[in-house]
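A closer look at the structure
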Amino acid sequence: MNHLLRQHAPITESGWALLDGEATQRLTPALGARRLIDFRGPHGWEHSATNLGRTEPVAASVQEGVAAVRRRVLTLAELRADFSVSVEELRDHERGALDVDLSSLDDAAHRIAVAENVAVFHGWAQADITGIVAASPYEQRPLGEEPDGYPRAVAGAVELLLSNGVGGPYGMALGREQYRRVVETAEHGGHLLLDHLRKILDGPIVWAPGVDGAVVLSLRGGDFIYDCGQDLSIGYRRHDDEVVQLYIEESFSFVVASADAAVALTA
Amino acid sequence: MGFDQYHEPAHELPAKTRTFARMCASLTEEAEAIGWYEQRLAVETDADALAIMRDAQGEEFKHFSMDLEFLLRRTPLWREIARGILFQSGDIVEHGEASEARATGESESGDEDASDDRSGSLGIGGDAGSVR
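Structure report, in brief. (Residues numbered from 1 in each chain as written. Chains lettered and ligands numbered in written order. Predicted model: local features only at pLDDT ≥ 70, side-chain atom pairs only at ≥ 80, totals over all residues.)

Along the backbone of chain B there are four helices and one strand. Written out in order from the N terminus, the α and β elements of chain B read α-α-α-α-β. Per-residue burial over chain B gives 16% buried out of 132 residues. For chain B, the proportion of contacts with a sequence separation of at least 24, taken over those separated by at least 6, is 39%. (Helix = DSSP H or I, 4+ residues; strand = E, 2+ residues; numbered from the N terminus. Buried ≥ 20, exposed ≤ 12 C-beta atoms within 10 Å, placed from the backbone. Contact = placed C-beta atoms within 7 Å.)

Set out below in structure tokens:
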């Protein structure tokens, strides 16, 4: 048994399969950031820090005539979203119920996926994570309210990356509102805006709830590193006669290796 | 070669599974090549030929290791079990049984009720996101 303590939960194998399946189904589409950055790991729960390959001075050495520096690392942060499942609902699942109420799990999955997207794109200062948007050296450009203007803004971002020597293909993360506008819009002649933007990028367009506006970034690799300790997992907290308290958890750090490989487009 | 690494219709398989199957096939091919080189080396007498084949066999082993690492990254429970087997000294079979028991939460004798057959990870990894 590991630290998730799953064996202590009053949940059958079939119940765990239901919960794991539902969580995977809810998490997968919302984890937009992972589609566009380098995912390293999972290295396991005991993985605590990402090597930065850098040092910092140590004020005083232990011995005169001996220089000293100290390695710098980026410690991993843990995200955890609690949820609960009714014992009665789990019993009904065993009886064959198809409409088991897992709304609390669904909410938790969405919360933690948004938190991950926000940390990657907009940063998480308390965890020493600098987001892609804040790291980008370019002035933020407006995406605009009208989807008709999106191709010009996205082409401008791609050209900016090219002119700075950042090759493609490129991908784009879109916030919820911007994504909705893209998929619902047809341009003159009936061509889908989605197809037009994909051609400009030569890469994917990703729904990334939590992103404010849009971010165009290179997918050449090595620019944005998501270092995963424990990948998203469900663990057990406690239970009583009526409710099982569980959580979704992950540990990770995020490092921007090439800040100039992304351009933020404001909403 | 054709598409014989698939045992189910390829168009019914998700991309993730097709990739997994390709890497399994690649792992098999690397292992076969390692075995073939071992046999050739056993009978070859020319020193230059031996040196080249030793080098080639080393390359195959490197590829084998990379394939294995890829597969383990996508199977968190296997990875946890492998962690207790690989690069350990002592009895390999014992390590295998003990590592499996630790990873799955079963007692080594197998008499404990295994209410969970995985490490708990959902195994999502980098293969996520709604992409258009």
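What follows is about the interface of chain B and chain A. Listed per partner, the contact involves 18 residues of chain B and 31 residues of chain A. Its residues placed into classes, the side of chain B that touches chain A shows five nonpolar, ten polar and three charged. (Nonpolar A, V, L, I, M, F, W, Y, C, P; charged D, E, K, R; others polar.)

In a packed pair of helices, the relevant descriptors are the angle between the two axes and the axis-to-axis distance. Residue and element names in this part refer to chain B. Contact pair helix H3 (residues 76-83) / helix H4 (residues 92-104): the axes reach a minimum separation of 8 Å and the direction vectors enclose 140 degrees. Considering the angle they form, H3 stands oblique to H4. Here H3 and H4 pass one another in a crossing that is right-handed. Across the interface between the two elements, Leu 77, Glu 80 and Ile 81 of H3 pack against Ser 99, Glu 100 and Ala 103 of H4. The residue inventory of the contact of H3 with H4, partitioned by class, reads three nonpolar, one polar and two charged. (Axes fitted to C-alpha atoms, helices over the stretch in contact; angles between N-to-C directions. Parallel < 35°, antiparallel > 145°, perpendicular 65-115°, else oblique. Left-handed = near helix turned anticlockwise from the far one by under 90°.)

Residues and elements named next belong to chain A. By the criterion of burial, strand S12 (residues 262-266) is predominantly enclosed, with four of the five residues buried. Across two bridges, strand S5 (residues 141-142) lies against S12 in parallel orientation. The partner of Arg 141 across the bridge, within S12, is Leu 265. Pairing analysis gives four bridges linking strand S8 (residues 214-218) to S12, with the strands arranged antiparallel. Its bridge partner being in S12, Leu 217 is matched across the sheet by Ala 262. (Pairing = 2+ DSSP bridges.)

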